[in-house]
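Letter by letter, the chains look like this.
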Amino acid sequence: MEKQIMVKDPRLVPMIEELEQAAMACAPEAREEVRKRLHDMIAQLQAEGHQVPQRLHDIDEMLTDASVEDQFDNIPL
């Protein structure tokens, strides 16, 4: 079942979907670039007075969790 993206401005849907796909498919070394694009989009939405969709916060959390896991993967035992 495909997740429906609920936003007030339908023009945002393709951008959110593209960011979500990039977040899921990106290599660990590209993750920071995807996070930067996400944070830029969130900042732009806030500056324009729009409510930030929960889906963007979910993607940010997913990227942050993956980054933290990557840091632990690099700790020698």
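The structure under discussion appears in the preceding block.
Just so it is clear, the model here is predicted, and its values are computed rather than measured. Within every chain, residues take consecutive numbers counted from 1 along the sequence as written. Given that the model is predicted, a residue must reach a pLDDT of at least 70 before its local features are reported, and side-chain atom pairs must reach 80 or more before they are shown or counted; all residues, however, enter totals for whole chains, interfaces and linings. As a rule here, side-chain values come from all non-hydrogen atoms in the structure, and water together with hydrogens is ignored.

Student: Would you explain the overall build of the protein in this entry?
Tutor: A run of H or I in DSSP counts as a helix once it spans at least four residues, and a run of E counts as a strand once it spans at least two, with each numbered from the N terminus. A count of helices and strands for the protein gives 3 helices and 0 strands. Reading the helices (α) and strands (β) of the protein from amino to carboxyl end gives α-α-α. When the accessible surface of the protein is split by element, carbon and sulfur atoms take 53% of a total near 5800 Å². All accessible areas in this document rest on Shrake-Rupley with a 1.4 Å probe, and a residue is counted as covered only by the protein chains that are shown.

Student: What should I look at first to understand helix 2 (residues 31-47) in this one?
Tutor: Along an α-helix, residues three or four apart share an orientation, since each turn contains 3.6 residues. Each helix should span, by expectation, one fewer than its residue count multiplied by 1.5 Å. When the terminal C-alpha atoms of helix 2 are compared, their 24 Å separation across 17 residues agrees well with the 24 Å that a helix rising 1.5 Å per residue should span. A positive phi of about 80° marks glycine 49, the residue just after helix 2.

Student: Looking at this structure, I do not really get the nonpolar core. What am I missing?
Tutor: One broad rule of soluble globular proteins: the nonpolar side chains tend to lie buried together. We call a set of buried residues a nonpolar core when its members are Ala, Val, Leu, Ile, Met, Phe, Trp, Tyr or Cys and they connect through side-chain atoms within 4.5 Å of each other. Working definition: with a 1.4 Å probe on protein chains only, accessible area under 20% of the residue-type maximum means buried, over 50% means exposed, and in between means partly exposed. Formed by 15 residues in total, the largest nonpolar core has its most connected members in Val34, Leu38, Leu56 and Ile59. Taken together, the elements giving at least two residues each to this core come down to helix 1 (12-25), helix 2 and helix 3 (54-73). The contact definition used throughout considers only heavy atoms, calling two residues in contact when any of these lie within 4.5 Å. Residue contacts for valine 34: discarding those within four places in its chain leaves Leu19, Ala22, Ala23, Cys26 and Leu63.

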